[in-house]
Amino acid sequence: RLDTYFSVFQITNLSNPDPTTTTMKFSAIALAQLLSVASAFTGTKLNGPKSTSALDMKYRVAVVGGGPSGACAAEIFAQDKNIETTMFERKLDNAKPCGGAIPLCMVGEFDIPEDVVDRKVRKMNLISPTGVEVDIGDTLKPDEYIGMCRREIMDKYLRDRAIDYGAECIQGLVTSIEVPENHKVSEEPYTINFQEYETGNPSGTPKSRQFDLIIGADGANSRVAKAMDAGEYNFAIAFQERIKISDEKMKFYEEMAEMYVGDDVSPDFYGWVFPKYDHVGVGTGTVVNRPAIKQYQKAIRDRAADKIEGGKIIKVEAHPIPEHYRPKRVQGRIALVGDAAGYVTKCSGEGIYFAAKSGRMAAEEIVALMKNGSRLPTQAEIENTYLKKYDSAYGPTYAVLDILQKVFYSNNGAREAFVELCNSKYVQQVTFDSYLYKRVQGNNPLDDIKLLGETIGCLIKGYANAKPDAEFSNPVESLKRL
């Protein structure tokens, strides 16, 4: 554009021979032309945010899944106004089949209001294979409890909070994700294909959008995990029936939950009766013999028959629950959280707190790495922050509960020993403190040594008195186990 500047100078100079005026006019016009040239190149900024607007450039983050992990991640991203946050949820009234227990620390840490917690459980009744019952909970302080929630209520609350912070919520099913081959070394965006549900169109309208970073919070059957080739994991089938019982029988469960162990209700887990707002959730789960899940569900109903007699089944639910971490939890600018990452503990089968915590932790670390939305993090950076901190904080908990499941859920003798051990006040104290506050407890060496002796004694007694486990065979499914 030098010829333009030269022409402007010539015209100005002929109309006004004063050199001072000529110079000033030339400078002003030339500056305007330079700004025009500069604006033509705006938006070609290398290593900068991809956006259609040069004046409002934001990185786009997609959170796939609107449960506790997705909602808590979206909430953090949405608070950074330099990031454009979109949350996908297939079913906004989804009621995941889940015991619904949350630890006390989650209520405070995630600001869960009173009306989201249906029941405050302060007693747990454990029932052994032979029917021995042990009540635990005497070690709890007056203000300590296990919260019992309905997932459809709690998930909606967390999701709405993320929306209030500015997250866009799309009700739709993510059908596929296009991952660029060079996504680990470039800022080329990901493409999410989805069916957006609309009133009067239950099958949805096919749409596509591009994003710079993806959080996979879409559960055990995660499409995000599949797209990023995260690998497979073993999973349990959780089966639960919501049963409406009389007000009189509901009084028993006002602050009480029950846990049944035995090969009749599960060969590798436990059966439960957990109180909800105006009904109970009765369920069980298994990894090693999933084809027999309905048989185990009938057994838990039979064992709790006196307490739920006359009850009406109002809802039947089933869902896969991961048994261990995914082989890969971060690939490029895609990170997995919650069940999609495999964050469910063995022995207790707990996943709600770890889902919410992992979602929040991943988002917090990624937001910090993005430095007010000025850059995208690398895979190595996400691994060295989010994964490293999560594994450091909760790895010991997963390891301890994995050992406990292998020791005490493997056969009826061990299950009898487990229930008897829970008579110990020290065991109750350590168990509840570890659960309520998510810290591995047990710092009294003398009591720990004493507990070891009691454990050995209870195992010997349990193996001597317990009925043998029923044999089962599922060779076809066993071939699929990892």
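Residues numbered from 1 in each chain as written. Predicted model: local features only at pLDDT ≥ 70, side-chain atom pairs only at ≥ 80, totals over all residues. Heavy atoms only, no water.

Chemist: Would you explain the confidence of the model for the protein chain in this entry?
Modeler: For residues with low pLDDT, the predicted coordinates do not support detailed interpretation. On average, residues of the protein chain score 87 in pLDDT, and 86% of them reach the 70 mark or higher. In the model, residues 1-55 has pLDDT below 50 throughout and makes 37 contacts with residues more than four positions away in sequence or in other chains. (pLDDT = per-residue confidence, 0-100. Contact = heavy atoms within 4.5 Å.)

Chemist: Just checking my understanding: could you explain the environment of V121 for this structure?
Modeler: With respect to the element layout, V121 can be found in strand β4 (residues 119-121). Under the relative-accessibility criterion, V121 is labelled buried at 1%. With near-sequence residues (within four places) excluded, V121 lies in contact with Y145, I146, M148, E255, M256, A257 and P275. (Helix = DSSP H or I, 4+ residues; strand = E, 2+ residues; numbered from the N terminus. Buried < 20%, exposed > 50% of the residue type's maximum accessible area, 1.4 Å probe, protein only.)

Chemist: Sorry, what's going on with unusual backbone geometry here?
Modeler: Glycine aside, the phi torsion of most residues is negative, and most peptide linkages are trans. Despite not being glycine, D111 shows a phi value in the positive range, around 50°. Locating D111 in the fold gives a position in the loop between α4 (104-109) and β4. Owing to a relative accessible area of 52%, D111 belongs among the exposed residues under this scheme. The phi dihedral of N372 falls on the positive side, at around 60°, and the residue is not glycine. Looking at where N372 falls in the secondary structure, it is placed in the loop between α11 (352-370) and α12 (379-408). For N372, a relative accessible area of 59% gives the class exposed.

Chemist: Can you walk me through the environment of A464 in this structure?
Modeler: By secondary structure assignment, the location of A464 is in helix α15 (residues 445-465). Given a relative accessible area of 62%, A464 falls into the exposed group. Counting along the chain gives 48 residues from A464 to E416, while the straight-line C-alpha distance between them is 10.0 Å.

Chemist: Looking at this model, I keep getting lost on the nonpolar core. Mind explaining?
Modeler: Generally speaking, nonpolar side chains in soluble globular proteins are found buried as a group. F77, F88, I192, I214, I215 and Y386 are the most contacted members of the largest nonpolar core, which totals 103 residues. In terms of residue count, α11 provides more of this core than any other element does, 11 residues in total. Each residue touching I215, except ones within four places of it in the same chain, is listed here: A62, V63, V64, A73, F77, A335, V337 and I366. By size, the runner-up hydrophobic cluster in this structure holds 14 residues, among which are I127, M250, Y260 and A304. (Core = buried A, V, L, I, M, F, W, Y, C linked by side-chain atoms within 4.5 Å.)

Chemist: Would you explain the sheet that holds β4 in this entry?
Modeler: The strands that make up a sheet are held in pairs by hydrogen bonds between backbone atoms, and each pair lies either parallel or antiparallel. The strand order across the open sheet built from three strands is β3-β7-β4, with neighbouring strands paired in antiparallel fashion. With partners counted over all chains shown, the strands left at the sheet margins are β3 (101-102) and β4, one partner each. In this structure, β3 lies alongside strand β7 (residues 146-148), joined through two bridges in antiparallel fashion. Bridged to I102 within β7 is G147. (Pairing = 2+ DSSP bridges.)

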